[in-house]
Amino acid sequence: MTLPAQTESAQASPQLSETSPGNAGMSAERLAKIDAMLEKAIAEDQVPGAVALIARNGKIIFHNAYGMADNQAKKEMTKDAIFRIASQTKAITSTAVMMLWEEGKFQLDDPISKYIPDFGEAQILDTFNETDSTYTVKPAKDQITVRDLITHTSGLGYGVIDGDERFQKIYAKAGITDLFTTEDITIGESVKKLAKLPLHHNPGDAYSYSEGLDVLGYFVERISGLPFDQFLRTRIFQPLGMNDTWFYLPKEKQDRLVTVQQIEDGKWRKYSETFYDTDYPIKGAKRFFSGGAGLSSTAKDYATFLQMYLNNGELNGKRILGRTTVQSIMGNQTGDLFGDGRKHYGLAFGVVSEKGRDSGGIGSTGTFDWGGYFNTQYFADPKEQVIGVLMKQTQGDVSDETGWKFRQMVFASIDD
C-alpha cells in the first residue's frame, strides 16, 4: 500500500513577524493606552520593568520594553530580555507529553506506576504528628494516572508552596526539590523520593496544584530515552526557533537574564536568597530539569509557542501536535473541579468558558492562559487570533495591577 506524501509544509504558517496594528485589525490609539498604562506602572513602582508583546493573526503588532532589568545595576530592560517563566514551563512539558502520546507510547489513563514503578500503590495522608512530621496513610481508591498528573488531580502536593503546612513539612523532611535549584540533583532522583509520599486526596477527586508536571518531565525521559532538556530542545525549541528558551542559559545569553527584584524602603533591590537562589538559571550544578517550573524564556519565544497552538499545532512548516490533539488539550478535563466556572482546566492550560467570556475582559470562549511564580502572564484567544504576553520578575509584596489591565485592554483594542 502506498501512503500519500506528507503535505504539512504545503500549508505552513510563517514565523511571527511584525506588522502595523491596522493591518491586524487592532487600534493603534487603544494600544497607545496600554503603553501609557505600563509606563505609569513603572513610574508608580508597581513593577521595576516589563516586556509586553501582543500579536494578532500571526503578526506582532506591539512589542515594547519598559523600565529596568536591574535597578541597582542601572541595567535597562530590552525586548530580548530573558525571564524565569516558572509555571509557564508546565504547558511546554504537557506538550512534550502529548507529543509522545501521539506516537502511541502510552494512554492518558494508564497508571504512572506502569512507567515509574516507584509510585507503587497510591496512599492518602491519614494522620500527621506536628512534633516530628511523622504520619500515617490509608489506601487510595484509585491509582495516579498520566491524566491525573497533567491535570493536577493526582493528589500530589507542592512542597514549600503547598497550601497545606503538613505537606510542606512532609516534603521538606523527605528532601523533595519542589521548583528549581542550584543543587546537584536530577529530576529522577527527586521524583523517586516524591513517589513514596502520601497524597492530599484520592486521585481524580479534586484539583490540587502540584508537582505532577515535574513527575511528567521524568516520565518524558523514561518514555523517550532522552534527557528532558534534550527532548525539549530537539523536538520543540529548535523546530519552532525558540532559541532563547532554556533550563540553564548558555554563557552568551546570561547577561540578558532579568534580575528578580523586590521593593525595599521604596527602592527596587535584588530579591534575597530564601529556599532557592534566584540565579539558578546561570549557576549551580545545572542538572535539575524541572518540568513544572524550570525554564527561562523571552516574550517572543513564548509567543511563538502560543502561536503554534493557535495554528492547531503547527508553525513554519513544523508540526508539533496534530489538530485533533490540540482540540483534546483544550477540552474540559476536570469537570467542575477547577475554579468558579469561568474557566476549566484542559491538558495544558486554563481555558475560558462561556461564563468567563460573558464576565468580560478575559477573552472569547476557548482562550487559554497561565502564569508564573515570578509574575509573568500569557493568554491566547483562538477565535480572535490574539496573543498577549507580559513578562516581569518580582517577588515579595508588590501592588501590581498590570496583569489584569493588560489583558482587559488588549481585547478592548480589537478594531475590525
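All values derive from a computational prediction rather than experimental measurement.

(A) Broad picture of the overall build of the protein chain. Along the backbone of the protein chain there are 11 helices and 17 strands. Relative to a compact globule of 416 residues, whose C-alpha radius of gyration would be 22 Å, the protein chain shows 21 Å and is just as compact. A principal-axis box enclosing the C-alpha atoms of the protein chain has dimensions of 70 × 60 × 45 Å. Burial analysis of the protein chain (416 residues in total) assigns 55% to the buried set. Taking the contacts inside the protein chain whose residues are at least 6 apart along the sequence as the reference set, 68% of them involve residues at least 24 apart. Put simply, the protein chain has 45 plus and 55 minus side-chain charges, and the middle of one group is 3 Å from the middle of the other.

(B) The arrangement of the packing of helix α1 (residues 28–43) against helix α11 (residues 402–412) in detail. Here α1 crosses α11 at 170°, and the two axes come no closer than 9 Å. When the axis of α1 is compared with that of α11, the two are roughly antiparallel. Contacts between α1 and α11 involve R30, K33, I34, M37, L38 and A41 on the former and, on the latter, T402, K405, F406, M409, V410 and A412. In terms of residue class, the contact of α1 with α11 is made up of 8 nonpolar, 1 polar and 3 charged.

(C) Structural detail: the side chain of T304. Mapped onto the fold, T304 is located in helix α8 (residues 299–310). Sequence-distant contacts of T304, that is, excluding residues within four places in its chain, are made with Q15, L16, L240, M242 and L315.

(D) Representation of the pattern of salt bridges within the structure. On inspection of all chains with the given rule, the structure shows 22 salt bridges. Its salt-bridge partner being R56, residue E384 comes within 2.9 Å of it at the nearest N-O pair. Separated by 328 residues along the polypeptide, E384 in the loop between β16 (376–381) and β17 (386–391) and R56 in strand β2 (residues 49–56) bring together distant segments of the chain. Note on R56: relative accessible area 3%, which makes it buried. Residue R256 is joined to D80 by a salt bridge in which the shortest nitrogen-to-oxygen separation is 3.5 Å. With R256 in the loop between α7 (228–240) and β8 (261–264) and D80 in the loop between β4 (75–76) and β5 (83–84), the pair connects residues that are 176 residues apart, well separated along the chain.

(E) Inspection of the pairing of strand β6 (residues 123–128) at higher detail. Examined bridge by bridge, β6 and strand β7 (residues 135–139) share 5 bridges and lie antiparallel to one another. Opposite I124, over in β7, you have K138 as the bridge partner. Adjacent in sequence and paired antiparallel, β6 and β7 are bridged by 6 residues, among which S133 carries a positive phi angle near 65°.

(F) Examining the nonpolar core more closely. Counting residues in each nonpolar core, the largest one holds 92 residues, and the members touching the most others are I92, F219, L232, F305, L306, Y309 and F349. Among the elements that take part in this core, α8 stands out by supplying 8 residues, more than any other. Contact partners of L306, with chain neighbours within four places excluded, come to F349, F368, Y378, F379, A380, I387 and V389. In this structure, A24, L31, I34 and F406 belong to the second largest nonpolar core, which totals 20 residues.

(G) Main features of helix α2 (residues 89–102). With 14 residues, α2 extends 20 Å from end C-alpha to end C-alpha; this agrees with the ideal 20 Å at 1.5 Å per step. α2 sits mainly inside the fold: 12 of its 14 residues count as buried. Turning to α2, the residues buried within the fold contact α3 (146–150), α6 (212–224), α7, α8, α9 (323–330) and β16. Looking one or two residues beyond α2, the residue adopting positive phi is G104, at roughly 75°.

(H) Spatial organisation of the packing of aromatic side chains. Overall, the coordinates contain 32 aromatic pairs when judged by the stated rule. A ring pair is formed by F180 and Y373, whose centres lie 6.2 Å apart and whose planes are at 50°; its orientation type is tilted. Note that F180 is positioned in the loop between α4 (165–174) and α5 (187–194) and Y373 in the loop between β15 (368–372) and β16, a separation of 193 residues in sequence. By relative accessible area, F180 is classed as buried at 6%. A residue is classified by how much of its surface remains accessible, and Y373, at 28% relative accessible area, is partly exposed. When the ring of Y373 is compared with that of F374, the centres are 5.1 Å apart and the planes differ by 80°; the resulting orientation is edge-to-face. According to the relative accessible area criterion, F374 is buried, its value standing at 0%.

(I) Layout of the environment of G67. Along the chain, the position of G67 falls in strand β3 (residues 59–70). Accessibility expressed as a relative area gives 25% for G67, which makes it partly exposed. Sequence separation between G67 and A96 is 29 residues, and the spatial gap between their C-alpha atoms is 34 Å. Excluding residues within four positions of it along the chain, G67 makes contact with I42, P48, G49, E76 and M77.

Calculation criteria
Residues numbered from 1 in each chain as written. Predicted model: local features only at pLDDT ≥ 70, side-chain atom pairs only at ≥ 80, totals over all residues. Heavy atoms only, no water. Helix = DSSP H or I, 4+ residues; strand = E, 2+ residues; numbered from the N terminus. Rg over C-alpha atoms; globule rule 2.2 N^0.38 Å. Buried < 20%, exposed > 50% of the residue type's maximum accessible area, 1.4 Å probe, protein only. Contact = heavy atoms within 4.5 Å. Lys, Arg positive; Asp, Glu negative; His and termini not counted. Charge placed at Lys NZ, Arg CZ, Asp CG, Glu CD. Axes fitted to C-alpha atoms, helices over the stretch in contact; angles between N-to-C directions. Parallel < 35°, antiparallel > 145°, perpendicular 65-115°, else oblique. Nonpolar A, V, L, I, M, F, W, Y, C, P; charged D, E, K, R; others polar. Salt bridge = Lys/Arg side-chain N within 4 Å of Asp/Glu carboxyl O. Pairing = 2+ DSSP bridges. Core = buried A, V, L, I, M, F, W, Y, C linked by side-chain atoms within 4.5 Å. Expected span 1.5 Å × (residues − 1). Phe/Tyr/Trp six-rings, centres within 6.5 Å; stacked < 30°, edge-to-face > 60°.

The values reported here are purely geometric and, on their own, carry no functional implication.
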